[in-house]
Amino acid sequence: MKPDLAVDLCGISMANPVVTVSGTCGNGRELARFYDLGVLGAFTVKSIRLEKHPGNPLPRIAESTSGVLNSIGIPSEGVRHFIEYDLPFLRQYRVPVIASIAATRAEDYARIASILDGEQGISAIEVNVSCPNLETGGCAFGSDPEVTGQIIRGVKESTRFPVIAKLTPNVTDIALIARSVEKAGADAVSLINTLAAMSIDIETRRPKLGNVTGGLSGPAIKPVAVRMVWEVYKAVRIPIIGFGGISTWEDGVEFILAGATAIGVGTALFRDPWVVFKIIGGIARYMEDRGIGRLDEIRGKIILPQSRDACLP
Ligand SMILES: Cc1cc2nc3c(=O)[nH]c(=O)nc-3n(C[C@H](O)[C@H](O)[C@H](O)COP(=O)(O)O)c2cc1C
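Computed from a predicted structure; not experimentally measured.

Colleague: Talk me through the packing of helix α5 (residues 174–183) against helix α6 (residues 222–235); I want residue IDs and the actual numbers.
Modeller: α6 packs onto α5 with a crossing angle of 45° between their chain directions and a minimal axis gap of 9 Å. Classified by the angle between their axes, α5 and α6 sit oblique to one another. Pair α5 / α6 crosses with right-handed handedness. Contacts between α5 and α6 pair I174, A175, A178, R179 and E182 from the former with M228, E231, V232 and A235 from the latter. When grouped by side-chain class, the residues that make up the contact of α5 with α6 number six nonpolar, no polar and three charged.

See the structure below:
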């Protein structure tokens, strides 16, 4: 029997669990040069700001061992431009579109969500709370459970679409933040965003990123992401989109075993845009070989050691 890869993520019907993550494949045109976006479980757009914003100073990307540092700074043409220019393009494809939104003032999240609310062709709003809160000195909104909860509540009140809270890993207790967004009404969570990082050129003694610090993504962060997905899975009942360093189908299965309903692919697309086919095909074969009919049968089903002491680091 052929396995069924379809998943339902807070009411979004996905043909398979593979989602492209925000900021790693623009707003569709870049990836659509390679294949029909309809092969994906869902497509997430680059975070949309309320107004046009230039992003951070160059250089914005630096390579690192098994990963990439970036300090793109979310350049955006603004939400109106997204509606006029990008959304009509994405509507051509039979793929659920997740609209990621970002802001540096808390109230702007709800404003962007309410502007998007009248539009066709959006399946969910993803709230990127990893941005610096410029009104309180630049600390990320997402590191404060109370502030994150308020933002999610505001967005929920401003939209009919399901709301996905995208969590930052740069916190001590990610389960605490996940519980707070669930309480505020989030329909799902997605994680992880990039890990705060820095790299220095030893010849010039200058930071490799124009913004000095940035975020690390790619295979280097995968074990951190798997741990966080597992912690969030135990803490909340809403579904999880898990990502951070996924580049093979085996990585994808690991995230599903840790509790993810859908899995995201980002940095791996830079090297191989077709990697999504290998991930979808590999998961299907894994299921078929083991007689697994649906992904619910393995979601969160890791076998834990008997002794609790064995769980200590
Ligand atoms: C170049 C680049 C740009 C990104 N832009 C965004 C963005 O606009 N919004 C967002 O929420 N996350 C953004 N991210 C973070 C990714 O969506 C994702 O959370 C992170 O890269 C971890 O997944 P990966 O290791 O599969 O890339 C960006 C990541 C990269 C590498």
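Colleague: Describe the sheet that holds strand β16 (residues 262–265), and please don't skip the residues or the numbers.
Modeller: The parallel closed barrel is built from eight strands, whose spatial order is β3-β4-β7-β8-β9-β10-β15-β16. Ignoring strand direction, the axes of neighbouring strands in this sheet form an average angle of 25°. Inspection of the sheet shows strand β4 (residues 42–44) paired to strand β7 (residues 97–101) by two bridges, in the parallel sense. Paired with F43 across the bridge in β7 is V97. The sheet contacts of helix α3 (residues 106–116) involve β7 and β8 (124–128), and relative to β7 the element is tilted by about 150°.

Colleague: Would you mind going over the sheet that holds strand β11 (residues 195–198) in detail, with residue names and values included?
Modeller: Taking strand neighbours across the sheet as the criterion, the four strands line up as β5-β6-β14-β11 in an open arrangement whose pairing is antiparallel. At either margin of the open sheet sits one strand with a lone partner, and together these are β5 (61–64) and β11. Mean inter-strand twist for the sheet, computed between neighbouring axes without regard to direction, equals 40°. The sheet contact formed by β5 and strand β6 (residues 67–70) spans four bridges and is antiparallel. For E63, the partnering residue across the bridge sits in β6 and is V68.

Reading the values: the criteria
Residues numbered from 1 in each chain as written. Predicted model: local features only at pLDDT ≥ 70, side-chain atom pairs only at ≥ 80, totals over all residues. Heavy atoms only, no water. Axes fitted to C-alpha atoms, helices over the stretch in contact; angles between N-to-C directions. Helix = DSSP H or I, 4+ residues; strand = E, 2+ residues; numbered from the N terminus. Parallel < 35°, antiparallel > 145°, perpendicular 65-115°, else oblique. Left-handed = near helix turned anticlockwise from the far one by under 90°. Contact = heavy atoms within 4.5 Å. Nonpolar A, V, L, I, M, F, W, Y, C, P; charged D, E, K, R; others polar. Pairing = 2+ DSSP bridges.

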